[in-house]
Amino acid sequence: MQVKILRLLSCFALLCFFVLPAMAQNKMVTGKVTDLETGSPLAGVTVAAKGLTIGTNTDTNGNFKLSIPGSVNTLVVSFIGYKRQEVGVTDVTTLNIKLETDQKTLKEVVVVSVGYGTLDKKEVSSAITHVSSKELLSVASNSPLMSLQGKVPGLTISNTAAADPNSTPSVQLRGVSSRNAGLGPLYVINNVPGGNIDNINQNDIESIDVLKGGAASAIYGTRGSNGVIIITTKKGTSQSSLFYDGYTSFDYITNKLQVLSKDDFIKNRVDNKQGQDYGGNTDWLKSVSNSPSFGQKHTLQFSGGSGKTNFFASADYRNADGIDLRANKKEYGARVNVNHTSADDVFTVSLNVAPRYANTNTADYGGFNNALTLNPTLPIYNNTGQYNFINTGFFSNNPVENAKLIQAQQEIKELDMNGTFKVNILKNLNTAVTVSEVSSSFKNLNFSPSTLSTILHSNPVNKTNYASQEQIENDVKNVEWTGNYFASFGKHDIKLLGGYSYALYDYQQFKASNYDFPFDSFLWNNLGSGAYNGGDKGNGQGAVSSTRNGSTLIAFFGRVNYTYDNKYIVTGSLRREGSSKFGPNNKWGNFPAASAAWRISDEGFLKDKISWLNDLKLRADYGVTGNQDFASYQSLLLYGGYGYFPFDGTSYQVFGPSQNINPNLRWEKAVNFNVGLDFDLFNSRISGSLNYYIRTNKDLLGSYNVPVPPNPQSQTYANVGTLKNSGFEIQLNASAVKGPKFKYDISFTAALNNNKFVSFSNDIYQGAPFQDVAGLPAPGSPGNIQRIQEGERIGEFYTFKSAGVDNTGALLVYKKDGSIVTANNASNDDKQFVGNGLPKWTASLGNTFRYENWDLGIFLRGNFGYKIFNTPAFYIGTPSTQADANVLTSAYNNSKYAKLTNSSTTSIASDYFLESGSFVKIDNVSLGYSHPVSSKYIHRFRIYATGRNLHTFTKYTGGDPDLVPVNGLTPGVNTTLNYYPSTLQLLLGVQVTF
């Protein structure tokens, strides 16, 4: 036993004899790696001994510790997006390493979402615009799309009530594309088609890809005609981090319409017997305004994990008021993303869950209408301190009372869930299944009390108070199964995609209302206590209603991407899709697409021969897309209620056919062609793209007159009509100054769009060659002021052509024969095309300045070459407007509208009220300061201030021209009297990385 112990000790001593000298030759090197420009620590940087396999990675604070042999004198430091650096360690064992960003490398790793997959930007052969999270504007808005405004040429995002915290912008890509179906693009969020854009926190967005070309959109078939917007949210990484972003916002009314003060009203209206003096002095616009309105938002993001399992989680809270007295929105949202890869990389599992809850008070748009038109001598309260009863002017009620006593609330619940299971069958072959559900619930709650001055004044027997509840449920379930194969051999690269898609849509609605509750305190919580609930059949039955409908969408699709020698790129795809919305004869459709690209800069006659040319790519694509965004059951023979029929003392509800059958109903079809050029010059100092497109929308949906009989109804919903859009787009990016401390980057986008309505008819259905649209509301009977006509652009104003004003203050217009008459003596046959409300082109200019830790962004945006109908001037901008109503100051200054004093032509529309809508807006200015912090708890912070809508340069006199919609079928005119003022928004925020 002792001999064995001695032998072991001998071996141990011998081992120490050889090992200890070797250990004595090793040395420990410690250090920290930071960003050269910002000074912030870099985590995950590889630090390795040159020529050996010994290495380590930096921690979350950028620190590292590495034991290397004493003979090693050089470390190699590398990190994606930064220049590789070799650092000597001969005499220094504590290092402070600063890495410089490699702009060339960063550009090469731009990944673009193309639908059911991603491609390197160099491989893209269709018209796609990629926007990273860093490029999005800082905006305190209800929708993340407002941060994209002006960033994508051809994409128009319009919000005519941006200061309303519950407003939703109108989005349109490359012009109007339909007459009756939906005009908005398809949203794909984290690879889930039909994602809920309202359930996205802007801080969670990693990138946005806008698929504009038909070849890219065609992979989504009947939902791709209006373009596709793919939003990718942030994912977890192996680097642990905690990030906070919070801001407060203030909205101030700007560019507001000016109305007469009390003194001016008495001088100009009362003295001319156009109004009365009630003895008060009220600034009604100020009384119904909440300016400045306050908002706040807080976002907390967590990220971490390992190389095989990682997570990203975020939570956000927003509370914002509108500039009217009632509007408010409180919302709470969260997002969790978990990814796990098996140890042998055979399978990957990912899960995304995003719930959101919001409670809102909806805006009182009518309050501003009242404020503009109410007599300023009317007081808000009467002698007893109660709300004053008002029955004069345009709208005849007290807007302050309505805003404070009438309640209109909404409860919103949203939930997006999706999970993906991916199996790597081979290194170059995988398959994945994604199951998702997108659901939303809206509860609308309304209450009008019995204490309103209108109720107290009239003292009605019934309908003294009112309450209602409405529940709306939307649910979309998706299953996506895809397979991907990719291979490279020699100069050939190929990627194959095949897939199956199933979507199930369900919509439910229930509404109940009642009157005459015993107590106002019940609000909407005891509808059964209302006295109007009972009664005989046929009385009050509209108090309850409900509906449910749904549809199913099934598709098979495939795509091939082929690249030869990194110079020639060809892509082809086909989607075969069926929808339950279509008629029995057209359940299925095919949507083919093809695109090609030639990287000219890699050809031998250019490569390495033109020093300033880094990349030049010519593209062309063709694709057929569809639009099935219309109501369900339109192809079926439906039955509905025909009211109640009394017979023998009993009322019987009658049913009958309410809709004609159309077995040939199908999707709208768009044939798209695009040719483009991408370029990168002067070592990436200048880059950009050019695109020219033609899109022809066929089989447009609409209701057409048919004979009765044999049809039970006089109109049938059918595919008739053709619309054509064409345009040119340009996008430029330039690094104007690129110094060690100061940098100046410029971005410019511009888009020109032209369209025309080709036809309203086909062989079966014959429609009129035109359709009059844009009807103006009462008072008076102004009628329609725009016409959609074959061979003409959308947005053509069709009304009387003015010839000035006569000496009596009456409007003069031209007749068709060229003679001039007063407007009330002209007929509808004398109307003519007098201008267009669709901008001929749009543009934006972004300027980004960086000096050391400071950054300044100035973003300009504008619309050009179109007309706006000045609705405020038409109704309340002339002396001859309705009696006892307030008017704009333009009615009694030196403007042309002050000349219209004759009431005989007051309600007759003409191009006298058309003005240039062109404008340039200082849309967004943001100033920030960033600083790294050497702390155990805080690594970096940034404070920033942003101003939105700071100033508008325009000749338009009707307020902010951006409040007049330019999307849809009636651009350039507000067809309602609703007015929600424009605001200047100030935003103060802080970002902290822990």
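Residues numbered from 1 in each chain as written. Predicted model: local features only at pLDDT ≥ 70, side-chain atom pairs only at ≥ 80, totals over all residues. Heavy atoms only, no water.

Visitor: Break down the overall build of the protein for me, citing the residues and quoting the values.
Guide: The secondary structure content of the protein amounts to nine helices and 51 strands. Here the protein has a C-alpha radius of gyration of 33 Å; the compact-globule value for 994 residues is 30 Å, and the two agree. Dimensions along the principal axes, computed over C-alpha positions, put the protein at roughly 120 × 65 × 65 Å. In the protein, which comprises 994 residues, the proportion classed as buried is 49%. (Helix = DSSP H or I, 4+ residues; strand = E, 2+ residues; numbered from the N terminus. Rg over C-alpha atoms; globule rule 2.2 N^0.38 Å. Buried < 20%, exposed > 50% of the residue type's maximum accessible area, 1.4 Å probe, protein only.)

Visitor: Can you explain the nonpolar core? Please cite residues and give values.
Guide: Ranked by internal contacts, the top residues of the largest apolar core, which has 62 residues, are Trp284, Leu776, Ile785, Phe869, Phe913 and Tyr980. Broken down by secondary-structure element, the contributors of at least two residues to this core are helix H5 (284–287), helix H6 (365–373), strand E38 (770–776), strand E39 (783–789), strand E42 (811–814) and helix H9 (871–876). Among the elements that take part in this core, H9 stands out by supplying four residues, more than any other. Not counting residues within four places of it along the chain, the set of residues in contact with Ile785 comprises Val773, Ala774, Leu776, Glu796, Phe797, Tyr798, Thr799, Phe869, Ala909 and Val973. Counting residues in each nonpolar core, the second largest holds 22 residues, with Tyr187, Ile189, Ile200 and Ile231 among its members. (Core = buried A, V, L, I, M, F, W, Y, C linked by side-chain atoms within 4.5 Å. Contact = heavy atoms within 4.5 Å.)

Visitor: Lay out the packing of aromatic side chains in plain terms, naming residues and giving numbers.
Guide: For any pair of aromatic rings, the description consists of the separation of the ring centres together with the inter-plane angle of the planes. On inspection of all chains with the given rule, the structure shows 31 aromatic pairs. Here Phe368 and Tyr980 contribute two aromatic rings whose centre-to-centre distance is 5.3 Å and whose plane-to-plane angle is 85 degrees, an arrangement assigned as edge-to-face. With Phe368 in helix H6 and Tyr980 in the loop between strand E50 (940–954) and strand E51 (983–993), this pair connects stretches of sequence that are 612 residues apart. Classification of Phe368 by relative accessible area gives buried; the value is 1%. Classification of Tyr980 as buried rests on a relative accessible area of 2%. Put simply, the rings of Phe869, Phe874, Tyr875, Tyr897, Tyr912 and Phe913 pair up and form one aromatic cluster. Cation over ring: Lys581 sits above Phe630, and NZ or CZ is 5.4 Å from the ring centre. The ring of Phe800 has Lys831 lying over it, and the distance from NZ or CZ to the ring centre is 5.7 Å. (Phe/Tyr/Trp six-rings, centres within 6.5 Å; stacked < 30°, edge-to-face > 60°. Lys NZ or Arg CZ within 6 Å of the ring centre and 35° of its normal.)

Visitor: If you had to explain the sheet that holds strand E4 (residues 63–69) to someone new, which residues and values would you point to?
Guide: Ordered in space as E4-E1-E7, the three strands form an open sheet in which the pairing is mixed. On the outer flanks of this sheet lie E4 and strand E7 (94–99), each paired with one strand and no other. Averaged over neighbouring strand pairs, the angle between their axes works out to 30 degrees when direction is ignored. (Pairing = 2+ DSSP bridges. Axes fitted to C-alpha atoms, helices over the stretch in contact; angles between N-to-C directions.)

Visitor: So what about unusual backbone geometry? Which residues, and what values?
Guide: Pro292 follows Ser291 through a cis peptide bond whose omega is 5 degrees. Along the chain, the position of Pro292 falls in the loop between H5 and strand E18 (293–305). With an omega dihedral of -15 degrees, the bond running from Val708 to Pro709 counts as a cis peptide bond. Within the secondary structure, Pro709 is located in the loop between strand E34 (701–705) and strand E35 (715–719). Located in the positive-phi region is Asn191, a residue other than glycine, with phi close to 70 degrees. Here Asn191 is to be found in the loop between strand E13 (186–189) and strand E14 (192–193).

Visitor: Give a description of the sheet that holds E42 that names residues and reports values.
Guide: In space, the three strands of this open sheet follow the order E41-E42-E43, with antiparallel pairing throughout. Taken across any chain shown, the strands that pair with only one partner, and hence form the sheet edges, are strand E41 (802–805) and strand E43 (820–822). With direction set aside, neighbouring strand axes in the sheet form an average angle of 30 degrees. In terms of strand pairing, E42 meets E43 through three bridges, oriented antiparallel. Within E43, the position partnered with Leu812 by the bridge is Thr822.

Visitor: Please give an account of a nonpolar patch on the surface that cites residues and values.
Guide: A contiguous nonpolar patch, built from Tyr568, Trp598, Phe605, Leu618, Tyr622, Phe673, Val675, Tyr692, Phe728, Leu752 and Trp841 and spanning about 970 Å² of accessible area, is present on the exposed surface. When residues of the nonpolar patch are traced back to their parent elements, those giving at least two are strand E29 (613–627) and strand E32 (668–681). (Patch = residues over 30% accessible without salt bridge, like charges linked within 9 Å, V, L, I, M, F, W, Y side chains within 5 Å. Areas by Shrake-Rupley, 256 points an atom, 1.4 Å probe, with all protein chains shown as cover. Salt bridge = Lys/Arg side-chain N within 4 Å of Asp/Glu carboxyl O.)

Visitor: Give a detailed account of the side chain of Asn226, specifying residues and quantitative values.
Guide: On the secondary structure map, Asn226 appears in the loop between helix H3 (214–217) and strand E16 (228–233). Of note is the side chain of Asn226, whose polar atom sits 2.8 Å from the backbone oxygen of Gly182. Contacts of Asn226, omitting those with residues within four sequence positions, involve Leu173, Ser177, Gly182, Leu183, Gly184, Pro185 and Asn627. (Polar contact = N/O pair within 3.5 Å; in protein donor to acceptor, adjacent residues only side chain to side chain.)

Visitor: Any details on the pattern of salt bridges? Residues and values, ideally.
Guide: Two side chains carrying opposite charge are able to pair once their charged atoms lie near each other. Scanning all chains against the criterion turns up 31 salt bridges. Ionic pairing is found between Arg318 and Glu331, a salt bridge with its closest N-O pair at 3.3 Å. Separated by 13 residues along the polypeptide, Arg318 in strand E19 (residues 309–321) and Glu331 in strand E20 (residues 328–341) bring together distant segments of the chain. There is no split in this pair, since Arg318 and Glu331 are both buried. The partner of Asp745 in a salt bridge is Arg850, with the nearest N and O atoms 3.2 Å apart. Of this pair, Asp745 sits in strand E37 (residues 742–759) while Arg850 sits in strand E45 (residues 841–851), and the two are 105 residues apart along the sequence. With a relative accessible area of 32%, Arg850 lands in the partly exposed category. Each member of the salt-bridge network shares a partner with another, and the members are Asp316, Arg318, Glu331 and Arg356.

Visitor: Could you give an account of H6, naming the residues involved and the relevant values?
Guide: Counted residue by residue, H6 has seven buried out of nine residues, so it is predominantly covered. The set of residues buried in H6 consists of Gly367, Phe368, Asn369, Asn370, Ala371, Leu372 and Thr373. Buried residues along H6 sit in contact with H5, helix H7 (399–405) and H9.

Visitor: Tell me about the confidence of the model for the protein, residues and numbers included.
Guide: In the predicted model, the protein carries a mean pLDDT of 88, and 95% of its residues have values of at least 70. Mean pLDDT across the elements of the protein ranges from a minimum in helix H1 (residues 2–24), with 42, to a maximum in strand E47 (residues 867–869), with 97. A low-confidence stretch, residues 1–24 stays under pLDDT 50, and its non-local contacts, those more than four residues away or across chains, total one contact. (pLDDT = per-residue confidence, 0-100.)

Visitor: Account for the pairing of strand E5 (residues 74–78), with residues named and values stated.
Guide: Strand direction decides the pairing type here: strand E2 (residues 46–49) and E5, joined by four bridges, are antiparallel. Counted as the bridge partner of Ala48 is Val76 from E5. Inspection of the sheet shows E5 paired to strand E6 (residues 85–88) by four bridges, in the antiparallel sense. When the bridges of E6 are listed, Thr74 appears paired with Gly88.

Visitor: I'd like a description of the side chain of Ser126, backed by residues and values.
Guide: Looking at the secondary structure, you find Ser126 in the loop between strand E9 (118–120) and strand E10 (128–132). At 3.5 Å, the side chain of Ser126 forms a polar contact with the backbone nitrogen of Ala216. Beyond its immediate stretch of four places on either side in the chain, Ser126 contacts Gly213, Ala215, Ala216, Arg619 and Asp621.

Visitor: Outline the environment of Arg793, supporting the account with residue identities and numerical values.
Guide: If you trace the backbone, Arg793 turns up in the loop between E39 and strand E40 (796–799). Dropping the residues within four chain positions of it, Arg793 is found in contact with Asn753, Asn754, Asn755, Lys756, Asn836, Leu838, Pro839 and Lys840. Separated by 3.2 Å, the side chains of Arg793 and Asn754 make a polar contact.

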